[in-house]
Amino acid sequence: NVAQGAVRMLAANFRVPANGYEADVLSEVRLANAGSALPLVDLAMLEVWADGGNGTWDAGLGDDALLGAATPSGATWQLGSLTLPVATSGRRLFTTVDVAPGATIGRTVRLVLPTPNGVVVTSGNSGPLDAGVSAGGTLTIAALPSNLAITAAPQSGATLVPGASPQTVLEF
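Just so it is clear, the model here is predicted, and its values are computed rather than measured. (Residues numbered from 1 in each chain as written. Predicted model: local features only at pLDDT ≥ 70, side-chain atom pairs only at ≥ 80, totals over all residues. Heavy atoms only, no water.)

**Description of the pairing of strand β4 (residues 43–50)**
Then step 1. In terms of burial, β4 is largely enclosed, as six of its eight residues are buried.
Then step 2. Here β4 runs beside strand β9 (residues 91–99); their pairing, made up of seven bridges, is antiparallel. When the sheet's bridge partners are listed, glutamate 47 is paired in β9 with threonine 96.
Then step 3. For β4 and strand β5 (residues 65–69), the ladder comprises four bridges, and the chain directions are antiparallel. The residue of β5 that forms the bridge with valine 48 is glycine 68. (Buried < 20%, exposed > 50% of the residue type's maximum accessible area, 1.4 Å probe, protein only. Helix = DSSP H or I, 4+ residues; strand = E, 2+ residues; numbered from the N terminus. Pairing = 2+ DSSP bridges.)

**Some details on the sheet that holds strand β14 (residues 139–142)**
Then step 1. The sheet built from three strands is open, its strands ordered β1-β14-β10 with mixed pairing. Two strands close off the open sheet at either side, each with one partner strand: β1 (2–3) and β10 (108–109).

**Digging into the packing of aromatic side chains**
Then step 1. Under the definition given, this model contains two aromatic pairs.
Then step 2. Both rings, one in tryptophan 49 and one in tryptophan 57, keep their centres 5.1 Å apart while their planes meet at 70 degrees; by these two values the pair is edge-to-face. Each member of the pair, tryptophan 49 as well as tryptophan 57, carries the same accessibility label: buried.
Then step 3. Site record: aromatic cluster; members linked through ring pairs are Trp49, Trp57 and Phe94. (Phe/Tyr/Trp six-rings, centres within 6.5 Å; stacked < 30°, edge-to-face > 60°.)

**What about the sheet that holds β4?**
Then step 1. Taken together, the four strands give an open sheet; going across it, the order is β2-β9-β4-β5, and neighbouring strands pair in antiparallel fashion. Each having just a single partner strand, β2 (9–16) and β5 make up the two edges of the open sheet. Between one strand and the next, the sheet's axes are offset by a mean angle of 25 degrees, whatever the strand orientation.
Then step 2. As paired elements, β2 and β9 share seven bridges and run antiparallel to each other. Looking at β9, one finds that valine 16 is bridged to arginine 91. (Axes fitted to C-alpha atoms, helices over the stretch in contact; angles between N-to-C directions.)

These values are about where atoms sit, not about what they do.
If you want it as structure tokens, here you go:
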């Protein structure tokens, strides 16, 4: 689950493959939400990050580099104008979402790379070609936890003695 108002929650993790045995350059990423959360209603922002090499999401700290915020366009979120090198071993990308504070509880986020051209590379060997590829699990939007603050304040100067008449100790 992901709370209303949560920021930079990991929603997708995928590896962009090279062009066969040749390096390539990533120029655009498109993602679609196969869940029920709506862009700019439930999802305030979607960001794409490049892994710096350790293979894990570092929550925006450490070696991950922000490529930019994707823009919603119809059923997809798009981030273009990239020139990210893709080595022959591929390039790991992470996608995070910011959940709107007023997002609808119970709506879901399940990002997929849509077909065609969820990933666009300069070699033209873009994809996926056959079907969209799921790039992560499903996040369900949940309510923010309620917080109750209790502070101590003098209630009474009475001395409590076992068997004596009832005394108020704490009032809300």
